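# Structural features, examined
If you want the building blocks of each chain, they are given just below.
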Amino acid sequence: MRKATLWNWFWILLGLLYFFLPLLATFHFSLRARKEALSLLAYQQMIEDTRIWQALLYSIQIGLLTIGLGLLLMVPTVYWVHLRARYLRPMIEFFSLLPFVIPAIVLVFGLIRIYSGDPFPLTNTYAGTDFLLIAGYVVLTLPYLYRAIDAGMTAIDVATLTEAAQSLGAGWGTILFRVIVPNLRSAMLGAAFLILAIVLGEFTIASFIVGLRAFGPVIWQVGQNRAYEASALVIFSFLLTWILMALINFVARRAVVTSGPR
Amino acid sequence: MLSERRSAASGALRLKPLPSFIGLLDWAGVIPFLLFILLFLILPSLYLFVGSFQDSSGRFTLENIRALFTPTIMSAYWVSIRISLLTALLGGVFGFFLAYALLSEETPTWLRSALLTFCGVASNFAGVPLAQAFIFTFGRMGLVTVLLREAVGLDLYEMGFNLYSFWGLSITYLYFQLPLMVLVITPAIEGLRREWREAAENLGASPLQYWWYIGIPILMPSLLGAMILLFGNAFGAYATAISLTGGLINLITILIGNQIRGDVLHNPNLGYALALGMVVVMAVMMSLYYLLRRHSERWLRQ
């Protein structure tokens, strides 16, 4: 074997070992909830724990609303900038990438200070906190959403499509929803799955704004006092992330998926 | 071409009011976006920024900024910076080797695509579940710890290792740093032309010479840029750290978290200054990243 080949295999094997050991150890632990023998007891406990599923359902709803609000905000804006005001594009890009500079813990700090009192007492009601959480997540995931939509818009000829639609008598709503959006489908879907993956596992913002209503903080709490159930939950959430990433790869063969903030 | 398209488009839209209105109308389309950004990004940041320069009665002061340079707070920044530097460097170097190995022609395609997909998953698999997985692996009762103790007689914890410490946290962070590096650096490695290597070999260069004089200099901006990204990634991490150490490690994010829960510094304005300091570090890093990326793109385009 060539020296270079040996070198390459060394790193691949080391990577495999490092990547799979923690998963293997967690899985191994999750099967040992009964002292005597291997069992799926931990998984059974997890499935019967309704708080987990309530929290997951809540986080899925928050995730979907985050995607909805994000798309509603970004698709028309990026479309407009591409069509009418290209000179505004650097500004939109700057603001969209700004959340990379503001860590989640700082963002939630500011959000809580502003919106826990007058003139916008959002944290006084459940609906208010839900909205604050969604707004926080839209900001947190804005860089990914912007990049996906901007890349999607760049790939299609926005001006020609718009003119063609207009010359056939289409109004603005028809143009946006029946011409532009279908052309952006894979970009939007890819971004949506990534946002869902980020929101479902998010802990920092959720723990300060809604606490144990969201999935991330509940995983944390289960880990504090019920180790076996927690290990099953870790395996479950890893599979969940895997499924969402596989969906991204499925909608865009070569999606550039960089990581979410943590 | 671009301006042609623009004017053609606006012609079709029949939007030709007085010239002075055109600019205003352009801005109208981005107002909802700007409003949202103002409310949920700029205002919260500005609140912390202004608060950093105020005393408890709202007067201007630099006292909070000065208080950042006291030993307890400086040590929190310093631990955060050290852990970010270390994991960016290790993750960067190992990630580069792994990515290079994966992209080598001798690596089977299925293995390459499986591991690249895994990197996408692992770089997003962070926070609480990650910390717990590492407790099940390297914690006192973790699989690896127990196996090493019982099969080899090697007691990690007696040798001074502790998962809930600086090094333990670093090993855990690497689980998302390494895959992120692989994903970020892969396009740059793919941009290395085969011809460059062949030309060097034809001229009698050894592999070491090729890397020293050609490969590394070309990749350097991308490598540095990627490592800066990794630095920021670790610097802002909160969930992984708090769930692994329970807040026992003195990181800047954990200090801010404690300050949000209850005014542990007994000075809200100093808390805002802590956050401001974090943003300043991140802003410096991201500007560097932006410059390096522009540099590396220029290089690869030629």
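Okay, so let's go over this structure. (Residues numbered from 1 in each chain as written. Chains lettered and ligands numbered in written order. Predicted model: local features only at pLDDT ≥ 70, side-chain atom pairs only at ≥ 80, totals over all residues. Heavy atoms only, no water.)

### Comments concerning the overall build of chain B
Worth spelling out the cut-off: Only DSSP runs of H or I with at least four residues qualify as helices, and only runs of E with at least two residues qualify as strands; both kinds are numbered from the N terminus onward. Only C-alpha atoms enter the radius of gyration, while the globule expectation follows 2.2 Å times N to the 0.38, with N the number of residues. Three labels apply to residues, based on accessible area from a 1.4 Å probe with only protein chains included: buried if under 20% of the type maximum, exposed if over 50%, partly exposed otherwise in between. By definition, residues are in contact when any of their heavy atoms lie within 4.5 Å. Only four residue types enter the charge count, namely Lys and Arg as positive and Asp and Glu as negative; His and the chain termini do not. Lysine's charge is taken at NZ, arginine's at CZ, aspartate's at CG and glutamate's at CD.
The number of helices and strands found in chain B is 14 helices and 0 strands. For chain B, the N- to C-terminal ordering of α and β elements is α-α-α-α-α-α-α-α-α-α-α-α-α-α. Relative to a compact globule of 302 residues, whose C-alpha radius of gyration would be 19 Å, chain B shows 25 Å and is clearly more extended. In terms of its C-alpha atoms, chain B occupies a principal-axis envelope of roughly 85 × 70 × 30 Å. Taken over 302 residues, chain B has a buried fraction of 49%. Intrachain contacts of chain B at a sequence separation of at least 6 include 71% that bridge at least 24 residues. Treating the 18 positive side-chain charges of chain B as one cloud and the 15 negative ones as another, the clouds have centres 10 Å apart.

### Quick word on the overall build of chain A
Quick reminder of the rule: Surface accessibility in these figures is a Shrake-Rupley result with a 1.4 Å probe; residues are shielded only by whichever protein chains are displayed.
Counting its regular elements, chain A contains 12 helices and 0 strands. Along chain A, from the amino end to the carboxyl end, the secondary structure elements read α-α-α-α-α-α-α-α-α-α-α-α. Summarising its shape, the C-alpha atoms of chain A cover approximately 75 × 65 × 35 Å along the three principal directions. Each of the 262 residues in chain A was classed as buried or not, and the buried ones make up 56%. When contacts within chain A are restricted to residue pairs at least 6 apart in sequence, those whose partners lie at least 24 apart make up 74%. For chain A, the exposed surface amounts to about 11,700 Å²; the carbon and sulfur share of it is 68%. Of the side chains in chain A, 18 bear a positive and 11 a negative charge, and the two mean positions are spaced by 10 Å.

### Some thoughts on the environment of E163 of chain A
Here E163 of chain A is to be found in helix 7 (residues 158–167). Residues E163 of chain A and V106 of chain A, spaced 57 residues apart in sequence, show a C-alpha to C-alpha distance of 44 Å.

### A look at the interface of chain B and chain A
Just so we agree on the cut-off: Buried surface area refers to the total accessible area, computed with a probe of radius 1.4 Å, that the two partners give up upon joining, counted for both partners together. Any carboxyl oxygen of Asp or Glu that lies within 4 Å of a side-chain nitrogen of Lys or Arg is treated as forming a salt bridge with it. In protein, a polar contact requires one atom able to donate a hydrogen and another able to accept it; more generally it is a pair of N or O atoms within 3.5 Å, and residues adjacent in sequence count only if both atoms are side-chain atoms.
Taken residue by residue, the interface counts 93 residues in chain B and 91 residues in chain A. Interface of chain B and chain A: buried area, both sides summed, is about 8,200 Å²; carbon and sulfur atoms make up 76% of it. It is F33, F40 and F136 of chain B that lose the most area in chain B upon contact with chain A, and together they represent 9% of the buried surface on that side. Taken together, the connections running from chain B to chain A amount to 0 salt bridges. Taken together, the links from chain B to chain A amount to 8 residue pairs in polar contact (both at pLDDT 80 or more).

### Points about unusual backbone geometry
Residues and elements named next belong to chain B. Phi is positive for H266, close to 55°, though the residue is something other than glycine. Residue placement: H266 occurs in the loop between helix 13 (252–261) and helix 14 (268–301). What makes H266 exposed here is its relative accessible area of 70%.

### Re the packing of helix 4 (residues 89–97) of chain A against helix 6 (residues 126–155) of chain A
Helix packing for two helices is described by the angle between their axes and how far apart those axes are. Residues and elements named next belong to chain A. Selection rule: Between the N-to-C directions of two axes lies an angle of 0 to 180 degrees, each axis being a line fitted to C-alpha atoms and, for a helix, fitted only over the stretch in contact. Three classes are used: nonpolar for Ala, Val, Leu, Ile, Met, Phe, Trp, Tyr, Cys and Pro, charged for Asp, Glu, Lys and Arg, and polar for all others, with Gly counted as polar.
Closest axis-to-axis distance for the helix 4/helix 6 pair is 8 Å, and the angle between their directions is 150°. Residue-level inspection shows R89, I92, E93, F95, S96 and L97 of helix 4 in contact with helix 6, the latter providing L142, P143, Y146, R147, D150 and T154. Each residue belonging to the contact of helix 4 with helix 6 can be placed in one class, and the counts come to 6 nonpolar, 2 polar and 4 charged.

### A few points about the pattern of salt bridges
Pairing of side chains with opposite charge becomes possible as their charged atoms draw close. All names here are of chain B. For the coordinates displayed, the defined rule picks out 10 salt bridges over all chains. A salt bridge links R194 to E198, with the nearest nitrogen and oxygen atoms 3.0 Å apart. With R194 and E198 both in helix 10 (residues 194–202), this residue pair falls 4 residues apart, about one helical turn. For R194, a relative accessible area of 51% gives the class exposed. Using a relative accessible area of 35% as the deciding quantity, one classes E198 as partly exposed.

### Thoughts on the nonpolar core
Basically, it comes down to this: Working definition of a nonpolar core: buried Ala, Val, Leu, Ile, Met, Phe, Trp, Tyr and Cys residues. They are joined through side-chain atoms within 4.5 Å.
The biggest cluster of nonpolar side chains holds 193 residues, and the ones touching the most others in it are Y175 and I256 of chain B. The contacts of I256 of chain B, once residues within four sequence positions are left out, are I105, V106 and F109 of chain A together with L274, A275 and M278 of chain B.

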